[in-house]
Amino acid sequence: MSARHTQPAEQPSPPHDAVSGAGLHALGGLAHKRVLDSVAQFTHHRDIDALDQSLTLSLAELAGARAVTLYKRAGEAGITPESLVRCTARAHGGHIIESLEPAAGVPLLESMRQCAAQMHGRIERTEGGGCHMLVPIHRDGQALGALLLEDLYAPDALRLLVDGFARIYANYIVLLHESERDKLTGLYNRRTFERQLQRLLQREGRLWLAILDIDHFKRINDTYGHLYGDEVILLLAQHMRASFGPEDVLFRFGGEEFVVLLAATDPTGAHEALERFRARVAGHDFPQIGRVTVSVGFVGVGAHDYPATVLDRADKALYFAKNHGRDRVAHYEALVAQGALGAAAPVGSVDLF
């Protein structure tokens, strides 16, 4: 199996026999305290990635499982991709937590997908005398994913525990999802921007930041009303999801302003992706309104760049596009090389915050 990124989560854990299902049953009140402490620990997180890791670690410690894997289904309309987080016990204590690509080489991936889709769990016996436990994660009839606990030796005693953790996680993940998403479009909101930027910068490959702005949006609101303005924003968000790939991260910063963190190998590839999106929007017939266009400014992002710096550079490129006819894509580095920006591009000309 190939790790997408490995988190430094090698944390010490109690002896296996102290945290197994039988051990929890025997410890009585102390076991209850450990369970409550674990719930408090993993619901302390406000970051979904950290929450996922903490959930798998908590269950691995409490159940004494060799490994715990959290599988999450892809979100509606591709808002979030299918994902896996796996916590594995180390031979000499502690655990390793890693995020995995949902690929054919991941053990029992299909079983987790089936468990999530069918929304009922099961226990599978292994040749070594242990068990694998599969528990679905769902809320209000919607399948969110599944948990897989490997090599358990007291599964019946643990079933209610794991099912309870799955229900708490489902409720909490919905609350976190709502807090980091724009309510109208479902895209990420600006409060999550820096975290998502840092996460993407940990990957190999080049990253680009683009600011998108709907041309003459105030005129749309003034002429047709805010309901039609909101419909334009909703349709634009749909075009963004359809135009950009699963590795790209989409934001609505507020009003008619959007940001894309774009994975591309070079500026030509980034420009082509943004140009396809611009042309797609320009060619769409928006209800009642007709033709709507967007202007785009984009810039390369390095590992040591400050978020405010790259936003300002993309903002300058966007201002240039707005000032030179709109309905176009402008690349900051190319404009600098051409000497096209000069002193005419004021800082913060487009209001992001």
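Analysis parameters
- Residues numbered from 1 in each chain as written.
- Predicted model: local features only at pLDDT ≥ 70, side-chain atom pairs only at ≥ 80, totals over all residues.
- Heavy atoms only, no water.
- Buried < 20%, exposed > 50% of the residue type's maximum accessible area, 1.4 Å probe, protein only.
- Helix = DSSP H or I, 4+ residues; strand = E, 2+ residues; numbered from the N terminus.
- Arc of directions from axis to C-beta.
- Contact = heavy atoms within 4.5 Å.
- Salt bridge = Lys/Arg side-chain N within 4 Å of Asp/Glu carboxyl O.
- Pairing = 2+ DSSP bridges.
- Axes fitted to C-alpha atoms, helices over the stretch in contact; angles between N-to-C directions.
- Phe/Tyr/Trp six-rings, centres within 6.5 Å; stacked < 30°, edge-to-face > 60°.

Colleague: Even after reading the chapter, I still don't get helix 7 (residues 193-201), so can you show me in this structure?
Modeller: One turn of the α-helix equals 3.6 residues, which is why residues spaced by three or four share an orientation. Looking only at helix 7, the buried set comprises Phe193, Gln196, Leu197, Leu200 and Leu201. Relative to the axis of helix 7, the buried residues are bounded by an arc of 135° and lie together on one face. Of the surrounding secondary structure, the elements contacted by the buried residues of helix 7 are strand 8 (188-189), strand 9 (207-214), strand 10 (249-254), strand 11 (257-263), strand 12 (294-301) and helix 11 (307-323).

Colleague: Help me understand the side chain of Gln196, please; the structure alone is not making it clear to me.
Modeller: Following the sequence through the fold, Gln196 ends up in helix 7. The buried category is assigned to Gln196, whose relative accessible area is 2%. Not counting residues within four places of it along the chain, the set of residues in contact with Gln196 comprises Tyr188, Val249, Phe251 and Leu261.

Colleague: Hey, could you run me through the pattern of salt bridges in this one?
Modeller: All told, the structure shown has 19 salt bridges when counted by the stated rule. In this structure, Arg278 engages Glu275 in a salt bridge whose closest nitrogen and oxygen atoms are separated by 2.6 Å. Separated by three residues within a single helix, Arg278 and Glu275 lie in helix 10 (residues 267-282), roughly one turn from each other. Look at Glu275 and you get partly exposed, because its relative accessible area is 27%. For the salt bridge of Arg291 with Asp327, the shortest nitrogen-to-oxygen distance reads 3.1 Å. Within this pair, whereas Arg291 is found in the loop between helix 10 and strand 12, its partner Asp327 is found in the loop between helix 11 and strand 13 (329-331), the two being separated by 36 residues in sequence.

Colleague: Would you mind going over unusual backbone geometry with me for this structure?
Modeller: In terms of backbone geometry, most residues other than glycine have negative phi values and most peptide bonds are trans. With phi around 55°, Asp140 is a residue other than glycine that occupies positive phi space. Its place among the elements puts Asp140 in the loop between strand 6 (131-139) and strand 7 (142-152). In this structure, Gln288 is a non-glycine residue whose phi angle is positive, near 70°. Take Gln288: it is sitting in the loop between helix 10 and strand 12. Given a relative accessible area of 56%, Gln288 falls into the exposed group.

Colleague: Is there a simple way to explain the sheet that holds strand 11 in this structure?
Modeller: Backbone-to-backbone hydrogen bonds join strands into a sheet, with any given pair of strands oriented parallel or antiparallel. In space, the six strands of this open sheet follow the order 8-10-11-9-12-13, with mixed pairing throughout. Single-partner strands in this sheet number two, and they are strand 8 and strand 13. Two elements, strand 10 and strand 11, share five bridges in a ladder whose sense is antiparallel. Bridge assignment links Phe251 to a residue of strand 11, and that residue is Val259. Where helix 7 meets the sheet, its contacts fall on strand 8, strand 9, strand 10, strand 11 and strand 12, and the angle it forms with strand 10 comes to roughly 160°. Along the sheet, helix 9 (residues 226-243) makes contact with strand 9, strand 10, strand 11 and strand 12, crossing strand 11 at roughly 5°.

Colleague: Would you mind showing me how to read helix 5 (residues 109-118) here?
Modeller: Buried within helix 5 are the following residues: Leu109, Ser111, Met112, Cys115 and Ala116. An end-on view of helix 5 places all buried positions within 160° of arc, on one side of the element. Buried residues in helix 5 make contact with strand 2 (67-72), strand 3 (83-89), strand 5 (122-125), strand 6 and strand 7.

Colleague: Can you walk me through the packing of aromatic side chains in this structure?
Modeller: Each aromatic ring pair is specified by the distance between its two centres and by the angle formed by the two planes. Within the structure shown, the criterion is met by seven aromatic pairs. Ring geometry for Tyr188 against Phe251: centres 5.8 Å apart, planes inclined by 40°, an arrangement best described as tilted. In this pair, Tyr188 sits in strand 8 while Phe251 sits in strand 10, placing the two residues 63 residues apart along the sequence. Comparing Tyr188 with Phe251, the two get one shared label, buried. Centroid distance Phe244 to Phe277: 5.4 Å. Interplanar angle 40°. Geometry classified as tilted. In this pair, Phe244 is assigned in the loop between helix 9 and strand 10 and Phe277 in helix 10, connecting sequence segments 33 residues apart. For the pair shown, Phe244 and Phe277 are each scored as buried.

Colleague: How should the environment of Arg46 be read in this particular structure?
Modeller: As for its position among the elements, Arg46 is in the loop between helix 3 (29-42) and helix 4 (48-63). Overall, Arg46 belongs to the exposed group, its relative accessible area being 58%. Each C-alpha atom of the pair Arg46 and Ile173 lies 9.5 Å from the other, and the pair is 127 residues apart in sequence. The contact partners of Arg46, leaving out residues within four places of it in the chain, are Tyr172 and Leu176.

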